Amino acid sequence: MAPKLPIYMDNHATTPVDPRVVEAMLPYFNERFGNAASRNHSFGWTAEEAVENARAQIARLINATPKEIIFTSGATESDNLAIKGVAEMYREKGNHIITQATEHKAVLDTCKRLEKYGFEVTYLPVERDGRVNLDDLERAITPKTILITIMYANNEIGVIQPVAEIGKIAQKHGVLFHTDGVQAVGKVPVDVQRDGIHLLSISGHKIYGPKGVGALYVRRKNPRVQVAAAIDGGGHERGMRSGTLNVPGIVGLGKACELCQQEMPAESAHMIALRDRLQRAIMGSLDEVFVNGSLEHRLPNNLNISFAYVEGESLLMGINDVAVSSGSACTSATLEPSYVLKALGVGEDLAHTSIRFGLGRFNNEEEVDYVAQRVVETVKRLRELSPLYDLAKEGVDLSKMSWKTD
Ligand SMILES: *Cc1c(COP(=O)(O)O)cnc(C)c1O
């Protein structure tokens, strides 16, 4: 059966809200519209009860306690609150933060901001497979180090970091460990106890919940972690994040977490089956294609492939009824290759021709087959026009050729 077009396969960017999540949220827009901070009447109590229920749903998914969940406007805010909040709170202890090159901009730009205020940041490189080297990490720790912030799973290549090992290193040196868990939570089992995590960022819209709501897990025991507030006001969320709570959004985030927890075993098997089907169909029909990042330590729903001897833009244009992301970012004037792929040592050409396939709950086999077929025929067609591909096929080593430019 022909799938309905266009096909959405960009689920690392955002996900559709699950209809069951929408249903759970709806009453909280009008029937139960109360302010969760209103203590004097049932409208407030009803809203508060819904918020506390969501807190418990989120906590269960990551093996935390409800009091350790702080609601935010999304993971960008959670990352900012964790990093800046620790920086301010533990300034007396030290001014050094360790992160790594392939973090999301919400972490990298926050660290850059702190450098302006006198903090020192180490940006660790990653290995060819996208994972951080644990010896590098341990060597980077100094008596001034207060925080390690390394993501759980990467949003471009889906590579999962050795989080439990990082947690152990952090504990051994008495350093706090924050992880951006946006892409991992709800997709793979995340356990803040097992993994030794002190702070963890979560986003609603990456897990079939609404946009504009997220959470930060802040550990309360062994050790008790404190973060300075970024937003001051009425003292909501134990003083760490003021502002009237987004009750419908929070209810949606809670429900999204509950569904992820219930469906994770089946869903991840489904994602792996679709991902492997996509990979087989593409790589079985094309040569000179390369998977970026570790396949072993990887989210079930991610595939990131570079296609040699085609132009990234032309490839995307050729599959324009499929929503995917490319490894190029359009900045004002130039096409910049992805800094994540660069950090893995992927050359500029291959970075420009990479595609991120982000599978999701609502994708099916027909869609996967259609996408694979479109990719394969487009790459073949573009390569027919490529003199470089012909030369390579004839055995000419292109890296040894000299190019006359004048
Ligand atoms: C999407 C994303 C964010 C930002 O989350 P928002 O809720 O959209 O602010 C942060 N980190 C990672 C890894 C992401 O994929």
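From a predicted model like this one, the values you see are computed outputs, not experimental measurements. (Residues numbered from 1 in each chain as written. Predicted model: local features only at pLDDT ≥ 70, side-chain atom pairs only at ≥ 80, totals over all residues. Heavy atoms only, no water.)

Draft legend 1. Main features of the sheet that holds strand 3 (residues 96-100). As summarised here, the arrangement of the seven strands in space is 2-8-7-6-5-3-4, forming an open sheet in which the pairing is mixed. Single-partner strands in this sheet number two, and they are strand 2 (69-72) and strand 4 (120-124). This sheet shows a mean twist of 20 degrees between the axes of neighbouring strands, independent of strand direction. Note that strand 6 (residues 176-180) and strand 7 (residues 199-203) share three bridges and pair parallel. Note on strand 7: the bridge partner recorded for T179 is L200. Contacts between helix 3 (residues 75-89) and the sheet are confined to strand 2, strand 3, strand 5 (145-149), strand 6, strand 7 and strand 8 (214-218), with strand 7 contributing the most and set at about 160 degrees to the helix. Lying on the sheet, helix 6 (residues 163-172) is in contact with strand 5 and strand 6; it crosses strand 6 at an angle near 155 degrees. (Pairing = 2+ DSSP bridges. Helix = DSSP H or I, 4+ residues; strand = E, 2+ residues; numbered from the N terminus. Axes fitted to C-alpha atoms, helices over the stretch in contact; angles between N-to-C directions. Contact = heavy atoms within 4.5 Å.)

Draft legend 2. Here's a closer look at the layout of surface pockets. There is about 460 Å³ of room inside the largest pocket. Around the largest pocket sit 16 residues that line it, and A308, Y309, D349, L388 and L398 are the ones nearest its centre. Tallied by class, the residues present in the lining of the largest pocket amount to nine nonpolar, three polar and four charged. (1 Å grid on protein atoms, 1.4 Å probe; cavity = no way out; pocket = protein on both sides within 12 Å on 5 of 7 lines; lining within 4 Å. Points joined across faces, edges and corners; volume = space filled by probe spheres on them. Nonpolar A, V, L, I, M, F, W, Y, C, P; charged D, E, K, R; others polar.)

Draft legend 3. Representation of the domain arrangement of the chain in the model. Each assigned domain of the chain is listed here: domain 1 (7-13 + 264-393) and domain 2 (19-259). For domain 1 versus domain 2, the distance between C-alpha centres works out to 30 Å. Counting residues at the interface gives 28 residues for domain 1 and 33 residues for domain 2. Here domain 1 and domain 2 share an interface that buries about 2,500 Å² over both sides, 55% of which is from carbon and sulfur atoms. Considering only the surface of domain 1 that becomes buried against domain 2, M264, Y339 and R361 emerge as the three largest contributors, covering 26% of it. Our enumeration of links across domain 1 and domain 2 arrives at zero salt bridges. In this assembly, domain 1 and domain 2 are joined by 15 residue pairs in polar contact (both at pLDDT 80 or more). When contributions to the side of domain 1 that touches domain 2 are tallied by element, the ones reaching two or more residues are helix 7 (247-283), strand 10 (302-307) and helix 9 (339-343). Here the residues of the side of domain 1 that touches domain 2 are counted per class, giving 11 nonpolar, 13 polar and four charged. (Domains from an automatic or database assignment. Buried area = accessible area lost by both parts, 1.4 Å probe. Salt bridge = Lys/Arg side-chain N within 4 Å of Asp/Glu carboxyl O. Polar contact = N/O pair within 3.5 Å; in protein donor to acceptor, adjacent residues only side chain to side chain.)

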